[in-house]
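Analysis of the macromolecular model
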Amino acid sequence: MSENNTGDRLLNHDTGGRQTRDGIRIYQTEDFAGMHRAGELAARILDEVAPLVVVGQTTEALDDFIRTRVEEAGATSATIGYKGYQHASCISVNHVVCHGIPGPKTLKDGDILNIDVTVIVDGWFGDTSRMYVAGKLSRKAERLIEVTHDALMRGIEAVRPGNTFGDIGYAIQTFVEANRMSVVRDFCGHGLGRVFHAPPNVLHYGRPGTGPVLEEGMFFTIEPMVNLGRPETKVLADEWTAVTRDKSLSAQFEHSVGVTPDGVDIFTLSPAGMFHPTY
């Protein structure tokens, strides 16, 4: 689940252990194992829901499946009860940018959707999302999904000690805009670990060399939202669902990562290799 870029949604700051002057928690080497367990479960559940994403399916049925799988695994959904939210996933269809609420509406041929799941395993948070397609994929939607996925991976490639969060955002922004699409600026990634949301705000745009410096032991999400049209969004009356103002299609991919001594560790890799719906 992404954060509002203003920072007003950041909750549950983790105060244990060493923190940087920017308030970013530095985790220990042994903490990576806990993040892998949580991330693997979240990713596996997203693998398992894939066959259910078909024309005629409802998003609430997808969410019911996810809720059941979280419970069967002996884990906890981080989103149920979070600020009053009552679902085990966010499911965002077509022009919904993020935080789409599962409901009775059925999927139509050609719909694209992001499913976002966060689980808690032994106190560790695993947060990931990816794109799915119901029926036949249009070429413009396919290209949007490809660019969004590849933008995420370019952002992840910029993660290493000594780089900055601005380097991550710059890698994403320049790639997306070179493909004549736009990066959403109203929502961003976030720190996590033994809490759901913590510093820093991980922006998906920026300038090289700006922002906090990456250090070994930082855990955070990178989750760019990319629009075919303009970047502006608005939040609907339910106070959750964010949509593109111009009704253009939007896509998102999300991984939880940790900074290692010489690069990055992705905690939420798909066990079945299904992170991208067409690769």
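Preceding block: the structure.
Residues numbered from 1 in each chain as written. Predicted model: local features only at pLDDT ≥ 70, side-chain atom pairs only at ≥ 80, totals over all residues. Heavy atoms only, no water.

**Overview of the sheet that holds strand S13 (residues 242-244)**
- Within the open sheet, the three strands sit side by side as S4-S13-S12. Their pairing is antiparallel. A single partner strand is all that each edge strand has here, and the edge strands are strand S4 (96-98) and strand S12 (233-235). Going across the sheet, the axis of each strand differs from the next one's by a mean of 40 degrees, ignoring polarity.
- With two bridges connecting them, S4 and S13 associate as antiparallel partners. Counted as the bridge partner of Cys98 is Ala242 from S13. (Pairing = 2+ DSSP bridges. Helix = DSSP H or I, 4+ residues; strand = E, 2+ residues; numbered from the N terminus. Axes fitted to C-alpha atoms, helices over the stretch in contact; angles between N-to-C directions.)

**Some details on the side chain of Glu254**
- In this structure, Glu254 sits in the loop between strand S14 (250-252) and strand S15 (255-259).
- No salt bridge is formed by the buried Glu254, whose closest oppositely charged neighbour, Arg130, lies at an N-O distance of 9.9 Å.
- Filtering out sequence-adjacent residues up to four positions away, Glu254 remains in contact with Met1, Asp116, Asp127, Thr128, Ser129, Leu152, His190, Thr221, Ile222, Glu223, Thr268 and Phe275. (Buried < 20%, exposed > 50% of the residue type's maximum accessible area, 1.4 Å probe, protein only. Lys, Arg positive; Asp, Glu negative; His and termini not counted. Salt bridge = Lys/Arg side-chain N within 4 Å of Asp/Glu carboxyl O. Contact = heavy atoms within 4.5 Å.)

**A look at the sheet that holds S14**
- The strand order S7-S11-S14 describes an open sheet built from three strands, whose pairing is antiparallel. Both outer strands of the open sheet, strand S7 (182-183) and S14, are each paired with one neighbouring strand and no more.
- Relative to strand S11 (residues 225-227), S7 is paired through two bridges, and the arrangement is antiparallel. By the bridge assignment, Ser182 is partnered in S11 with Asn227.
- Where helix H3 (residues 139-157) meets the sheet, its contacts fall on S11 and S14, and the angle it forms with S14 comes to roughly 35 degrees.

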